[in-house]
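# Fold and geometry: a report
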Amino acid sequence: MKIAGVIAEYNPFHNGHAHHLKETRRMGGCDYVVVCMDGSFTQRGEPACMDKWARARIALNCGADAVFELPALWALQPADGFARGGVAVLGGLGCDLLSFGTEETDINLLKTLAEVGENEPPELTEALRKGLEAGKSHARARGEALSMLLGVDAEKLNSPNLILATQYLREMRAQSLKMEALPVQRIGNYHDAALGDFASATAIRAAISDGKMEEALLCVPEPAREALCWAGDLHGMDDLLLHTLRGMPPEEIAELPGVGEGLEQRIMRCAAEASCREELLEMLKCKRYTRARLSRICACALLKLTKSMVESHAMPEYARLIGMREDARPLLRELKARSRLPIVSDAAQLRGDAVFDLERRATDLRALLCNDPAARRAGQEFTRKFVRV
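Notes on the structure in this doc start here.

Here is what the cut-offs are and how they apply
- Within each chain, residues carry numbers counting from 1 in the order of the written sequence.
- Only residues with pLDDT of 70 or above have their local features reported here, since the model is predicted, and side-chain atom pairs are shown and tallied only from 80 upward, although totals for entire chains, interfaces and linings are computed over all residues.
- Remark: hydrogens and water are excluded; side-chain values derive from all non-hydrogen atoms of the structure.
- The convention used is that axes are lines fitted to C-alpha atoms, helices contributing only their stretch in contact, and that angles between N-to-C directions extend from 0 to 180 degrees.
- In this text, helices come from DSSP runs of H or I with a minimum length of four residues, and strands from runs of E with a minimum of two, each type numbered from the N-terminal end.
- Roughly parallel covers angles under 35 degrees, roughly antiparallel covers those over 145, roughly perpendicular covers 65 to 115, and oblique covers all other angles.
- Working rule for handedness: look at the near helix, and if it is turned counterclockwise from the far one by less than a right angle, call the crossing left-handed; if clockwise, right-handed.
- In this analysis, two residues are considered to be in contact whenever any of their non-hydrogen atoms come within 4.5 Å of each other.
- Residues are grouped as follows: Ala, Val, Leu, Ile, Met, Phe, Trp, Tyr, Cys and Pro are nonpolar; Asp, Glu, Lys and Arg are charged; all remaining types, including Gly, are polar.
- Centre distance within 6.5 Å is the pairing criterion for rings of Phe, Tyr and Trp, where only the six-membered ring of Trp is used; planes under 30 degrees apart are then read as stacked, over 60 as edge-to-face, and the remainder as tilted.
- We count a charge as sitting over a ring when the NZ of a lysine or the CZ of an arginine lies within 6 Å of the ring centre and within 35 degrees of the ring normal.
- Think of it in three bands: residues with accessible area under 20% of the maximum for their type are buried, residues over 50% are exposed, and the middle band is partly exposed, with areas taken using a 1.4 Å probe on protein chains only.
- Think of a nonpolar core as a cluster: buried Ala, Val, Leu, Ile, Met, Phe, Trp, Tyr and Cys residues, connected wherever their side-chain atoms sit within 4.5 Å.
- Salt bridges are counted wherever a side-chain nitrogen of Lys or Arg sits within 4 Å of a carboxyl oxygen of Asp or Glu.

Turning our attention to the packing of helix 4 (residues 79–93) against helix 9 (residues 160–174). Where helix 4 contacts helix 9, the two axes come as close as 9 Å, and the packing angle between them is 55 degrees. Classified by the angle their axes make, helix 4 and helix 9 are oblique. Read as a crossing pair, helix 4 and helix 9 show a hand that is right-handed. Contacts from Ala79, Asp80, Phe82, Ala83, Arg84 and Val87 in helix 4 reach Ile163, Leu164, Gln167, Tyr168, Glu171 and Met172 in helix 9. Its residues placed into classes, the contact of helix 4 with helix 9 shows eight nonpolar, one polar and three charged.

Enumeration according to the criterion identifies three aromatic pairs in this entry. Judged by centre distance (5.8 Å) and plane angle (50 degrees), the ring pair of Phe100 and Tyr168 falls under tilted. Separated by 68 residues along the polypeptide, Phe100 in strand 4 (residues 97–102) and Tyr168 in helix 9 bring together distant segments of the chain. Seen in terms of ring centroids, Phe356 and Phe382 are 5.7 Å apart; in terms of plane orientation they differ by 75 degrees. Their pairing is edge-to-face. Placement of Phe356 in helix 20 (residues 354–368) and of Phe382 in helix 21 (residues 380–383) is noted, with a sequence separation of 26 residues between them. Against the face of Trp53 rests Lys52, its NZ or CZ located 5.1 Å from the ring centre. Taking the ring centre of Phe382 as reference, the NZ or CZ of Arg351 above it sits at 4.0 Å.

Right, let's talk about the environment of Ala139 for a bit. Within the fold, Ala139 resides in helix 7 (residues 138–150). Using a relative accessible area of 44% as the deciding quantity, one classes Ala139 as partly exposed. Ala139 sits 206 residues away from Ser345 along the chain, and the two C-alpha atoms are 39 Å apart.

Let us look at the nonpolar core. Of all hydrophobic cores here, the largest spans 88 residues; its most connected members are Val34, Phe68, Leu98, Tyr168 and Leu280. Here this core takes eight residues from helix 17 (residues 291–303), the largest share from any one element. Excluding residues within four positions of it along the chain, Tyr168 makes contact with Ile7, Phe82, Ala83, Val87, Leu98 and Phe100. With 33 residues, the next largest nonpolar core counts Ala8, Val35, Trp53 and Ala56 among its residues.

Once that is clear, we can look at the side chain of Gln380. Its location among the elements puts Gln380 in helix 21. Residue Gln380 is classed as buried on the basis of its relative accessible area of 9%. Those residues in contact with Gln380 that lie beyond four places of it in its chain are Trp53, Thr363, Asp364, Ala367 and Ala375.

Moving on, we come to the pattern of salt bridges. Taken as a whole and judged by the stated rule, the model has 26 salt bridges. Put simply, Arg320 and Glu381 hold a salt bridge, and the shortest N to O gap is 2.7 Å. In this pair, Arg320 sits in strand 6 (residues 319–324) while Glu381 sits in helix 21, placing the two residues 61 residues apart along the sequence. Residue classification places Arg320 among the buried residues on the basis of a relative accessible area of 4%. Given a relative accessible area of 3%, Glu381 falls into the buried group. Connected through salt bridges with shared partners, the residues Lys52, Glu69, Arg320, Glu359 and Glu381 form a single ionic network.

Note that every value here comes from positions in space, so none of it alone points to a role or purpose.
As structure tokens, then:
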């Protein structure tokens, strides 16, 4: 049996994701495709536009055979931590392949980028230093330095999918996994705001936010359309966030992952003046601190996720199954035979686990951001049913 693994957010699931799952099965010659998907919050530090059970059901109806959860502790980390958690779950389950969508599918170039990331040559370090001294952001300075070193377009090197791809390769090597990498050509531009057959998740979320639901529905597979109608109906994070930050002493803010070099003092000042989350992020954003990093810091504050917790849980200690296809029972038997991680489908088995407690807080927080009264109830980790398709 050949099993491919995919690390995803599906926020929301769109035609490009369906294409990726289909190509993974075709190119990899796979019998089954397993997805490791983040839960209530995404790597951008924002609540997912749909709950994880709805997103899992869509994925299962559009090409996945089983969906496991990437715990929030890793979902809310930068690219290296996000990749570490996802690769550890899929590698621990015993997947044969790791498939990922990327703008660059040259595996030799991807391996070179991964190697450079582990062992940075002196000329790259020097070029990066000069770029930073010239006032460029770290991402831009590093992209331009790599471009000169490798003769590759700098814009391509700064693509989020390419950055994640190289991190996946680094983690597969660091964790001594036998999984093979399967890069799949991404269709469309990650940052493209245009809608169409292969619109990005960013464009679809923006359309929903602008009230263009009918146009957004045309960008996703049929099984996703009904659930997507409920997407983006979130509110109330501004007051919760500002209240939380204004009540935190500087030493507690300093303990949030991603905070350093006195940023806690700046966060305190800006939180006292900002009227909403968006204004806060704009006030804090600078060349050293990207919006995505600051957004993750805000999410960590709301969820009480600290540096010490991240440091004390280097790798996932279980693999939580949140949904599967009925016809994939042979897959589950095979995974149980292969897996180095305990496979858990009943949340009650995880009561008291620190990593799961963080997940529960994330789900309860996201629930409070919903307008639908039924969706605002606490404890959904224990009341929502396992997804079967």
